[in-house]
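What the coordinates show
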Amino acid sequence: MVIDVRTPDEYADGHIKGATNIDFNSDAFANDITKLDKNGTYTLHCHSGNRAGQALKLMQEAGFTNVMNAGGFQDASKNLGIELVTE
């Protein structure tokens, strides 16, 4: 699962096709990740990789074991081979 941890406005401006938006800056982030399977595989990205790195740390502390930071969304799109959606 690809998770875009940017804000909803950033996500709306362009995102990786099929990515789920869970805003790292939202007060609900910690609660939102509890709804995910801790044994799932997650690829996180944001604008530059900074928020994704912070989200990765929180998810690991919450017991997630297969999480990676793909960096910025444009690089992540290229590296994952998934197209960008712009609206």
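Residues numbered from 1 in each chain as written. Predicted model: local features only at pLDDT ≥ 70, side-chain atom pairs only at ≥ 80, totals over all residues. Heavy atoms only, no water.

**A few points about the pairing of strand S4 (residues 41–46)**
Going by this rule: When a residue's accessible area, from a 1.4 Å probe over protein chains only, is under 20% of the maximum for its type it is buried; when over 50% it is exposed; and in between it is partly exposed. A helix here means a DSSP run of H or I that spans at least four residues, while a strand means a run of E at least two residues long, and both kinds are numbered starting from the N terminus. At least two bridges found by DSSP between two strands is the condition for calling them paired. When the strands point away from the viewer and the path from the first strand over the helix to the second turns clockwise, the crossover is right-handed.
Burial within S4 is extensive, with 5 of its 6 residues counted as buried. Relative to strand S5 (residues 66–72), S4 is paired through 5 bridges, and the arrangement is parallel. For Thr-43, the partnering residue across the bridge sits in S5 and is Met-68. As for the winding sense of the linkage, the β-α-β connection from S4 through helix H3 (residues 50–61) to S5 is right-handed.

**So, the pattern of salt bridges**
As a reminder, the rule being used: Salt bridge, as used here: a side-chain nitrogen of Lys or Arg that lies within 4 Å of a carboxyl oxygen of Asp or Glu.
Under the counting rule described, the total for this entry stands at 4 salt bridges. The residue Arg-6 makes a salt bridge to Asp-4 at a minimum N-O spacing of 2.7 Å. What makes Arg-6 buried here is its relative accessible area of 3%. With a closest N to O distance of 3.8 Å, Lys-35 and Asp-32 form a salt bridge.

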